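One letter stands for each residue in the lines below.
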Amino acid sequence: MQKDINSRFSLAGRTVLVTGASSGIGAHLAGVACRAGARVVMAARRVDRLRELAEALRQDGSQTVAVAMDVTDRSSVEAAFDAAEAAFGVVEVVLNNAGIGNGQRVLELSEQEWSHMLSTNLDGVWRVAQCAAQRLARAERPGSIVNIASMLGLRVGTGYSHYCAAKAGVVQLTKSLALELARYDIRVNAIAPGYFTTEMTDGFFDSEKGQAYIHNAVPMRRLGRLEELEGPFLLLASQAGAYMSGSVLAVDGGQLVGSL
Ligand code: NDP
C-alpha cells in the first residue's frame, strides 16, 4: 500500500524542465524532481550558476543538465527545448517558475518596468507553456505543466500593480490552457505561493517591518519553507494528480483567507 502511494507521486522516467532553476523555488524543486526519479533540465539565464547546481545534483546520482533560457525570447526558449530533447527526450513535465518581483508604486512605474514585468512573468509563462504543449501534442505524449502564480494573482499588494496583473494573468492562462489542452492529455495547474525567503524577497522579512508584516498578515505567523512546496508540486506533476487540471493551489500559511 505504502509503495503504491509513493509510486503515484514518482516522476521516475519522466523528463522535467524547470525554468528559473538557478535560485530559490526553481533550484529547490529541480532537486526535488531529481529525488523523485526524473531526468531534469534546469533552465535560466545564469548558466554558470545552473551548471554548478546541476553538477552537485549529478554527484548525488541524479540525471540533470543545465540549459540557457531567457523566457522573454522565443528563440531562446525553443533552443532550450531543443537542447532538452537532445539530452533527455520530449519534455513531459514543466515547472514554469521563472519570474521577477521588483516592486514599484503605480505613480512612479515606468513603461519599461511594466513591459519587463509582463514580458517575463506573463508572456514568459505563456511562451514556455505553448512551446511545451506544441511539442507534446506533436509527439502525442501526455504531459503536465505547473505554473508558479502567486497569492498576488488572487489578491493585491501595494507597489505591485504590474506583478499582480501578470500573476492574475497566469491564473487565467492556467485555466484557459487546461481547457484547451485537456483533449491532448496535457494537464495545466498552478501553485499560488505566499511568502518564501529567496533572492526575490531580498532580506525584507529579516527587517523589523518584515517581521511585523508576517505577524500581522500571515495567519500562521511565519514564512513558508521551501520544502512545503514539494508536496503540491509533486501532486500536480505526477500521476497522483492525474484528474487535476485548471486548479490553483494556494500554499500561503492561510494568508488568502486572512480576516478582512
Ligand atoms: P528568485 O529570484 O530566487 O528566482 C527567480 C528565478 O527566475 C531565477 O532562477 C532567475 O534566473 C529566473 N528568471 C528571471 N528572469 C528570467 C528570464 N527572463 N528568463 C529565464 N529565467 C529568468 O525568486 P523565487 O524563487 O522566489 O521566484 C520563483 C517564482 O516564484 C517567481 O515566478 C515568483 O514570482 C514566484 N513567487 C515567489 C514568492 C516568494 O515569496 N519568493 C511568492 C509568490 C510567487 P536567472 O536570473 O538566472 O535567469
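Look up: the structure comes first, before these words.
One structure accompanies this document, and this report is about it.

Calculation criteria
Residues numbered from 1 in each chain as written. Predicted model: local features only at pLDDT ≥ 70, side-chain atom pairs only at ≥ 80, totals over all residues. Heavy atoms only, no water. Near = heavy atom within 4 Å. Polar contact = N/O pair within 3.5 Å; in protein donor to acceptor, adjacent residues only side chain to side chain. Helix = DSSP H or I, 4+ residues; strand = E, 2+ residues; numbered from the N terminus. Nonpolar A, V, L, I, M, F, W, Y, C, P; charged D, E, K, R; others polar. Contact = heavy atoms within 4.5 Å. Phe/Tyr/Trp six-rings, centres within 6.5 Å; stacked < 30°, edge-to-face > 60°. Buried < 20%, exposed > 50% of the residue type's maximum accessible area, 1.4 Å probe, protein only. Axes fitted to C-alpha atoms, helices over the stretch in contact; angles between N-to-C directions. Parallel < 35°, antiparallel > 145°, perpendicular 65-115°, else oblique. Left-handed = near helix turned anticlockwise from the far one by under 90°. Expected span 1.5 Å × (residues − 1). Arc of directions from axis to C-beta.

Time to look at the site of the ligand. The full set close to the ligand counts 31 residues, and Ser22, Arg45, Arg46, Tyr163 and Thr198 are the nearest of them. A distance of 2.6 Å separates an oxygen atom of the ligand from a polar side-chain atom of Tyr163. Breaking the shell around the ligand down by element, the ones donating at least two residues are helix 2 (24-35) and helix 6 (161-181). Taken together, the residues of the shell around the ligand sort by class into 14 nonpolar, twelve polar and five charged.

What follows deals with the environment of Glu199. Mapped onto the elements, Glu199 comes out in the loop between strand 6 (186-193) and helix 7 (208-217). Along the backbone, Glu199 and Gln239 are 40 residues apart, and their C-alpha atoms lie at a distance of 31 Å. Among residues more than four places away in sequence, those in contact with Glu199 are Ser23, Arg46 and Arg49. There is a polar contact of 3.3 Å between the side chain of Glu199 and the side chain of Arg46. At a separation of 2.6 Å, a polar atom in the side chain of Glu199 contacts the side chain of Arg49.

What follows deals with the packing of aromatic side chains. Per the counting criterion, the structure on display carries five aromatic pairs. For the pair Tyr195 and Phe205, a centre-to-centre distance of 5.0 Å together with 50° between the ring planes defines the contact as tilted. Of this pair, Tyr195 sits in the loop between strand 6 and helix 7 while Phe205 sits in the loop between strand 6 and helix 7; the two residues are ten residues apart in sequence, bridging distant segments of the chain. Measuring from centroid to centroid gives 6.3 Å for Phe205 and Tyr213, while their planes differ by 45°, and the two rings are tilted. We classify Phe205 as buried; its relative accessible area is 5%. Linked through ring pairs, Tyr195, Phe204, Phe205 and Tyr213 together constitute an aromatic cluster.

Turning next to the packing of helix 4 (residues 74-88) against helix 5 (residues 111-139). One can describe the packing of helix 4 onto helix 5 by two numbers: an axis separation of 10 Å at closest approach and a directional angle of 40°. The angle between helix 4 and helix 5 places the two elements in the oblique class. The way helix 4 lies across helix 5 gives a crossing that is right-handed. Between helix 4 and helix 5, the contacting residues are Arg74, Val77, Glu78, Phe81, Asp82 and Glu85 on the first element and Trp126, Arg127, Val128, Gln130, Cys131, Ala132, Gln134 and Arg135 on the second. In terms of residue class, the contact of helix 4 with helix 5 is built from six nonpolar, two polar and six charged.

At Glu140, a residue that is not glycine, the phi angle is positive and equals roughly 50°. On the secondary structure map, Glu140 appears in the loop between helix 5 and strand 5 (143-148). In this structure Glu140 comes out as exposed when scored by relative accessible area, which is 72%. For Asp202, which is not a glycine, the phi torsion comes out positive at approximately 50°. Position of Asp202 relative to the elements: it lies in the loop between strand 6 and helix 7. On the basis of relative accessibility, which here comes to 64%, the residue Asp202 falls in the exposed class.

Time to look at helix 3 (residues 47-59). The first and last C-alpha atoms of helix 3 sit 18 Å apart over 13 residues, in line with the 18 Å expected at 1.5 Å per residue. Within helix 3, burial applies to Val47, Leu50, Ala54 and Leu57. Buried residues along helix 3 cover an arc of 80° about the axis, so they all sit on one side. Helix 3 presents Asp48, Glu52 and Gln59 as exposed residues on the side facing more than 90 degrees away from its buried surface. Looking one or two residues beyond helix 3, the residue adopting positive phi is Gly61, at roughly 95°.

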